[in-house]
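Tertiary structure, described
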Amino acid sequence: MKKILVVLLSVMLLGSMAACKKEEVAAQGVTDDKVLIANCAATSGAFAPVGVPFTEGIKAYLAYVNSKGGVDGREIEFLHNDDEFDPVKGKACLDSFINDDKVFAIVGHFGTPVVGATLQDLKDAGIPAVYFATGIGQLYDDKATAEEKNLNIFPVQPIYKTEGQIMVARAVGNFGAKKIGIISTSDDAGKDLLAGAKIKAAELNVELVEVQVAAGATDVSAAVTTIKNANVDFVIGAAIQATIPTIIKELAAQDVNKDVITTYVNVSPAIANLFKDQIAGKFDVYGNGWVAFDAAHQAAIAEYAQNIDAAYAANAYAMTGWIAAYFFVEGLKRVEGTVTWEKYIAAMESDPITNPFGGVIDYADGARMGTQEMNLSKVDPTAPTMWVEVEPLANMDEILNK
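The shown structure was predicted, so the numbers you read here are calculated from the model rather than taken from an experiment.

**As for the layout of surface pockets**
If you add up the space inside the largest pocket, you get close to 580 Å³. In this structure, the largest pocket is lined by 37 residues; those nearest its centre are Y264, V267, A316, Y317 and T320. Those elements giving two or more residues to the lining of the largest pocket turn out to be α2 (48-67), β4 (129-133), β10 (285-289), α12 (316-334), β13 (374-379) and β14 (387-394). Top element by residues in the lining of the largest pocket is α12. It accounts for 4 residues.

Okay, here's the thing in structure tokens:
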């Protein structure tokens with residue numbers, strides 16, 4: 001009888017140990033009452049006009065969610081460090097958040113050079129990374145896999161390679177261009193925008209006149225002269241914030257009276273204000289966008305305006321910060337039971353997520369392509385935001401009336 005009891009106790013003990021082994025353990029940064037997330041972003045220096053409102057938008061949405069009880073009783077705590085748009089500082093910042101602070105996720109990873117330098121670090125760590133404040137081509141994947149270690153990457157903003165194609169589609173579909181000049185920068189953003197433009201130009205059989213300038217260049221006169229002498233129908237400014245004002249002002253100085261389109265990251269009052277006087281009466285400057293201000297999205301915009309500092313109510317970068325936090329929270333809401341990285345990734349893939357300000361992103365089956373629909377705005381100094389929408393959200397087929 002004693003032997004039978006010993007055997008039964010042993011079986012029960014083994015069963016108990018097996019059950020303990022199967023018990024899920026929450027991911028780092030997750031406790032019963034808190035989820036810790038973070039980002040590194042430039043909130044000082046030349047890119048502060050972008051990084052500050054962007055980070056404030058993240059904070060505002062999380063404060064809004066926390067005011068309603070958080071997610072499943074957990075408050076979301078947000079850590080931020082200023083990396084000054086410096087890849088070395090950004091790399092150190094990311095490493096500290098992941099390995100020292102042990103955050104659950106990175107939300108709103110910021111800036112082309114920093115993201116380019118740290119994307120592999122994110123993949124290697126396996127930490128969920130939601131929203132990248134850049135559109136570099138390395139983010140794009142139509143079939144992310146566990147083997148490639150990129151299932152944890154969730155881009156939301158448009159990818160530059162896609163946007164370059166959209167720029168050409170706009171030039172042809174909206175402006176009837178047959179010969180397009182493109183001034184691109186030598187950084188990843190400029191190269192990816194150019195790569196996309198070349199793909200679409202070849203597809204549509206339109207001529208593309210290409211010139212390149214250094215990122216941050218203060219003298220682009222030679223490049224602009226080349227575009228002027230080519231007598232193009234339309235100009236693409238394939239450059240981000242630091243360089244695009246220089247390009248546009250030089251186009252105006254040389255009386256290149258052709259309309260210009262630039263990337264969505266330049267559509268802000270701060271950027272338009274740098275060249276609005278020079279282009280007056282000469283040509284229009286257009287910019288892509290992926291936030292809709294139409295009647296269908298007014299409720300979401302009003303909710304945003306009520307929960308953000310008034311100074312940022314009309315700021316496009318603050319709105320994108322709000323969107324970044326929104327996408328992260330939508331995934332978190334879907335996780336059932338113990339919060340792990342694996343469950344969060346599966347939750348993000350489980351159903352499409354609707355951007356509160358327009359468009360839908362579906363991450364199912366490893367799709368990591370960001371936003372594919374964009375609208376078109378034009379610089380208007382009389383408008384409160386300095387830009388007015390002139391064409392609604394549309395994909396390339398819709399733009400080209402296919």
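**Structural notes on the nonpolar core**
Counting 137 residues, the largest nonpolar core has F104, L122 and F328 as the members making the most contacts within it. Of all the elements, α12 adds the most residues to this core, at 12 residues. The contact partners of F328, leaving out residues within four places of it in the chain, are V35, I37, I76, F104, A105, V107, V130 and Y344.

**Describing helix α4 (residues 112-125)**
Here α4 spans 20 Å end to end across 14 residues, near enough to the 20 Å set by a 1.5 Å rise per residue. The sharpest bend along α4 reaches about 45° and sits at T118. Buried within α4 we find T112, V114, V115, T118, L119, L122 and K123. Close packing links the buried residues of α4 with α3 (87-99), β3 (105-110), β4, β5 (153-154), α5 (160-173) and α6 (188-204). In the segment just after α4, G126 is the residue with positive phi, at about 80°.

**Quick look at the packing of aromatic side chains**
For the structure shown, the criterion picks out 19 aromatic pairs. Arranged with centres 5.0 Å apart and planes meeting at 85°, the rings of F154 and Y363 form a pair that is edge-to-face. Residue F154 is found in strand β5, and its partner Y363 is found in the loop between β12 (360-361) and β13; the two are separated by 209 residues along the sequence. Look at F154 and you get buried, because its relative accessible area is 0%. Of the residues examined, Y363 reaches a relative accessible area of 0% and is grouped as buried. Judged by centre distance (6.0 Å) and plane angle (80°), the rings of Y304 and F357 are edge-to-face. One end of the pair, Y304, is in helix α11 (residues 298-306); the other, F357, is in the loop between β11 (353-354) and β12, with 53 residues separating them in the sequence. Relative accessible area serves as the criterion here: at 0%, F357 is assigned to the buried category. Through pairs of rings, three or more aromatic residues link up here, namely Y61, Y64, Y304, W322, Y326, F327 and F357.

Thresholds, definitions, all that
- Numbers given for residues are sequential positions, taken from 1 along each chain in its written order.
- At least 70 in pLDDT is required for a residue's local features to be given in this predicted model, at least 80 for side-chain atom pairs to be given and counted, and no such filter applies to totals for whole chains, interfaces and linings, which use all residues.
- Values reported for side chains reflect all heavy atoms of the structure, with hydrogen atoms and water molecules removed beforehand.
- Using protein atoms alone on a 1 Å grid, points that fit a 1.4 Å probe yet trap it form a cavity, whereas open point sets bounded by protein on both sides within 12 Å along at least five of seven lines form a pocket; residues with an atom within 4 Å of a point count as lining.
- Grid points are joined across faces, edges and corners, and a volume is the space filled by probe spheres set on the points.
- Secondary structure elements follow DSSP: runs of H or I no shorter than four residues count as helices, runs of E no shorter than two count as strands, and numbering proceeds from the N terminus.
- In these notes, a set of buried Ala, Val, Leu, Ile, Met, Phe, Trp, Tyr and Cys residues joined through side-chain atoms within 4.5 Å is what counts as a nonpolar core.
- Per-residue accessibility, obtained with a 1.4 Å probe over protein chains only, is compared with the maximum for each type, and a residue is labelled buried under 20%, exposed over 50%, and partly exposed between these values.
- Note on contacts: a residue pair qualifies if any of its non-hydrogen atoms lie within 4.5 Å across the two residues.
- Here the expected length of a helix is defined as 1.5 Å per residue gap, with one fewer gap than residues.
- Bending is quantified residue by residue as the angle between axes fitted to the seven-residue window ending at that residue and the seven-residue window starting at it.
- Aromatic pairs are defined between Phe, Tyr and Trp rings, using the six-membered ring for Trp, whenever the two ring centres lie within 6.5 Å; interplanar angles under 30 degrees are classed as stacked, those over 60 as edge-to-face, and all others as tilted.

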